[in-house]
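# Geometric and topological summary
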Amino acid sequence: MKQGKFITIEGSEGAGKTTQINNIKDFLDKQDIEVITTREPGGTLISEKIREILLDNNNTELCTDAEMLLVFAARSQHLHELILPAIEQGKWVISDRFTDSSFAYQGYARGLSLERIKVLKQWVQGDYNPDLTLLFDLPVEVGMARAKKRGPSDRFEQEKLDFFERVRQGFLSMSYLESDRYEVIDAQQTELQVSEQVLKIIKRFLK
Ligand code: TMP
């Protein structure tokens, strides 16, 4: 059986990822492609429990190394329980965030060594990588204002603007370094313009 594809969606808070994931899923459903949508940290029962620890505002003592190990623990479970079996069954998987978020948040923003993150990446996923990554890029202040409207902030959203500026620059650096896998979308456009750009990319990717 033909293997499925793995698409990841990245970007800072408030970039409109969820709307666009639903948009891609609707389009692929119409092409008779079986699609699973999921998210990180999370996606399985165990990984969602780890997500709760990571996002809980009460966990002010969580140290940076523990945070990084937890995101990779959640990812390992997610990959082996859900993502890889689905891909082997020919399904497409769209994940709201994946390993690039660890490089952006724990690496570029928190300052952990990128080399150390690469070691964990190799441990958890070997040479397996997404087939396509869509980066929804927008100025930090715009994203934060949108995120605030959605409701109370989680542990990450408590960070200051310069943290999210480093997250943004981290994602942009990765998109230059891995331009074959990455497509960058200007998330400041209207929702309709963003949807059109996203579907254009997906149609090209299907060919
Ligand atoms: P979300 O709010 O987009 O669902 O993402 C949850 C938060 O987790 C977001 O603030 C980014 C953070 N995160 C990391 O710090 N490292 C990671 O590897 C992942 C997947 C998410």
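The paragraphs below set out a description of the structure included in this document. In this text, all values refer to a predicted model and were calculated from it rather than measured experimentally.

Basis of the calculations
Residues numbered from 1 in each chain as written. Predicted model: local features only at pLDDT ≥ 70, side-chain atom pairs only at ≥ 80, totals over all residues. Heavy atoms only, no water. Pairing = 2+ DSSP bridges. Helix = DSSP H or I, 4+ residues; strand = E, 2+ residues; numbered from the N terminus. Axes fitted to C-alpha atoms, helices over the stretch in contact; angles between N-to-C directions. Contact = heavy atoms within 4.5 Å. Phe/Tyr/Trp six-rings, centres within 6.5 Å; stacked < 30°, edge-to-face > 60°. Buried < 20%, exposed > 50% of the residue type's maximum accessible area, 1.4 Å probe, protein only. Lys NZ or Arg CZ within 6 Å of the ring centre and 35° of its normal.

Bringing the sheet that holds strand β1 (residues 6–11) into the picture now. The strand order β2-β3-β1-β4-β5 describes an open sheet built from 5 strands, whose pairing is parallel. A strand with exactly one partner marks an edge of an open sheet, and here the two such strands are β2 (35–39) and β5 (182–186). Strand-to-strand, the axes of this sheet are offset by a mean angle of 20°, without reference to chain direction. Bridge count for β1 against strand β4 (residues 132–137) is 5 bridges, and the pairing is parallel. For I9, the partnering residue across the bridge sits in β4 and is L134. Sitting on the sheet, helix α3 (residues 64–88) touches β1, β2 and β3 (92–96), and the angle it makes with β2 is about 160°.

To continue, consider the packing of aromatic side chains. Counted under the stated rule, the structure contains 7 aromatic pairs. Relative to F98, the ring of F6 has its centre 4.9 Å away and its plane inclined at 90°; by these criteria the two rings are edge-to-face. On the criterion of sequence distance, the pair formed by F6 in strand β1 and F98 in the loop between β3 and α4 (99–109) is long-range, its members being 92 residues apart. Accessibility expressed as a relative area gives 2% for F98, which makes it buried. For the ring pair W92 and F205, a centre distance of 5.8 Å and an interplane angle of 80° mean the geometry is edge-to-face. Note that W92 is positioned in strand β3 and F205 in helix α8 (residues 191–206), a separation of 113 residues in sequence. The side chain of R75 reaches across the aromatic face of F72, ending 4.7 Å from its centre.

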